[in-house]
Structures are given as C-alpha cells and as structure tokens.
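Fold and geometry: a report
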Amino acid sequence: MFRSAVSAWETVHSVDDLILVLEYNLQALGRPRQENELWDMILACRSKVNDKIQARQELEGVLTSAEKALATAAETAFLAGSDYACITANERLHSAQIQLEPIRTKSREVAAKLTAMEVKTITETTKHAENNADAAKNIPVDMSQEIPVT
C-alpha cells in the first residue's frame, strides 16, 4: 500500500508540474524561442506523467490482487473458526482502502484540472494562431519588386 500511495502522490506532483508548464506556455505565446523551449519541457513532463500513471496502474493492479487474496484468506479463516483472524484481516483491508481514498480523490481532481488546462491551452493557442493568420493577411506586399532567382 505504501508504494501505491507514494506512486499516486508522485503522479499528482508530476501532473501539477505539467499544468504549471502549460500555464507558462500560454504566457509565452508569440515568443517562438520560449515557446519551443516550453514545448520541449511539456513533452518531457507528459512523458514523466505517463510513466508515473503506468507505474501507478501496475501498483493498483497488485493492490487489487492483494485485496482479493486477503479477502479470500479472511473468508477461509472465518470458515475455519478463526473469527479474530478474519476480523483483523478485514480491518486492515478497510484501513488500507481508507488511507488510499484521499490520494485517489486528489488524483481525480488533478486530472480534471489538467483536462481544463489542456482545453484552455488549445483555445488560447488557436486564437493566437488565428490572430497571427489575420495579421499576416493585412501585411502589404510590394509586387513591383522582382525576386532574384539563384
């Protein structure tokens, strides 16, 4: 359970980092050099987030298997007449689930925040691109000059 909790918090922090870099990217719109550097950072953060999510999913799978095994063992202990072992196992299982719930809630909140930030990034980037395209259309071009061919 501890590794799962650590992995979940690492995922949350990685997503927070990605959101921060996306916010910086919005502030850098119109400055190509900064945008390129930030896009490199965004790609690195996304890769890190994906790695953390994959590791977390693997740990969640192990945790689910352990929960099922513990539940089966508790049921077997109960059927064998060992009520104390059954009660203890169920209490520990319940305790682990309670301890993981705040992390899972925070993880869902951060995922929603990331989705909102991605929508904002797409919207702002699209507006910026449209404004640049409109501005490029209004640039006067002197067609009387000959372009040298090399």
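Please refer to the structure higher up on the page.
Residues numbered from 1 in each chain as written. Predicted model: local features only at pLDDT ≥ 70, side-chain atom pairs only at ≥ 80, totals over all residues. Heavy atoms only, no water.

With that out of the way, let us pick up the overall build of the protein. Secondary structure summary: the protein contains three helices and zero strands in total. Along its sequence from the N terminus, the protein presents helices and strands in the succession α-α-α. Within the protein, the proportion of its 150 residues that are buried is 27%. About 10,700 Å² of surface is accessible on the protein, with carbon and sulfur atoms providing 59% of the total. (Helix = DSSP H or I, 4+ residues; strand = E, 2+ residues; numbered from the N terminus. Buried < 20%, exposed > 50% of the residue type's maximum accessible area, 1.4 Å probe, protein only. Areas by Shrake-Rupley, 256 points an atom, 1.4 Å probe, with all protein chains shown as cover.)

Below, the discussion takes up the nonpolar core. Val 15, Leu 18, Leu 22 and Leu 114 are the most contacted members of the largest nonpolar core, which has 16 residues in total. Mapped by element, the contributors of at least two residues to this core are helix 1 (2-27), helix 2 (32-79) and helix 3 (83-137). Among the elements that make up this core, the one with the highest residue count is helix 1 (seven residues). In this structure Val 15 touches Val 49, Val 110 and Leu 114, once residues within four positions along its chain are discounted. (Core = buried A, V, L, I, M, F, W, Y, C linked by side-chain atoms within 4.5 Å. Contact = heavy atoms within 4.5 Å.)

For the rest of this paragraph, the subject is the environment of Ile 53. Looking at the element boundaries, Ile 53 is found in helix 2. Judged by relative accessible area, which is 33%, Ile 53 ranks as partly exposed. For the pair Ile 53 and Thr 11, spaced 42 residues apart in the sequence, the C-alpha separation amounts to 6.3 Å.

Moving on, we get to the environment of Lys 48. Relative to the elements of secondary structure, Lys 48 occurs in helix 2. Residue Lys 48 is classed as partly exposed on the basis of its relative accessible area, which comes to 43%. What Lys 48 contacts, discounting residues up to four positions off in sequence, is Ser 14 and Asp 17.

By the element assignment, Thr 11 lies in helix 1. By relative accessible area, which is 4% here, Thr 11 ends up buried. Those residues in contact with Thr 11, other than ones at most four positions away along the chain, are Lys 52, Ile 53 and Arg 56.

Attention now goes to the pattern of salt bridges. One pass over the full model with this rule turns up six salt bridges. For Arg 46, the salt bridge identified is with Glu 118, shortest N-O distance 2.8 Å. Linking Arg 46 in helix 2 with Glu 118 in helix 3, this pair joins segments that are 72 residues apart in sequence. Of the charged contacts in the structure, one is a salt bridge between Glu 60 and Arg 56, with a shortest N-O distance of 3.9 Å. With Glu 60 and Arg 56 both in helix 2, this residue pair falls four residues apart, about one helical turn. (Salt bridge = Lys/Arg side-chain N within 4 Å of Asp/Glu carboxyl O.)

When the terminal C-alpha atoms of helix 2 are compared, their 69 Å separation across 48 residues agrees well with the 70 Å that a helix rising 1.5 Å per residue should span. Those residues of helix 2 that fall on the buried side of the exposure criterion are Glu 35, Leu 38, Ile 42, Cys 45, Val 49, Arg 56, Leu 59, Glu 60, Leu 63, Glu 67, Ala 74 and Ala 77. Backbone geometry just downstream of helix 2 places Gly 81 in the positive-phi region, at approximately 95°. (Expected span 1.5 Å × (residues − 1).)

All we've got here are geometric facts, nothing functional implied.
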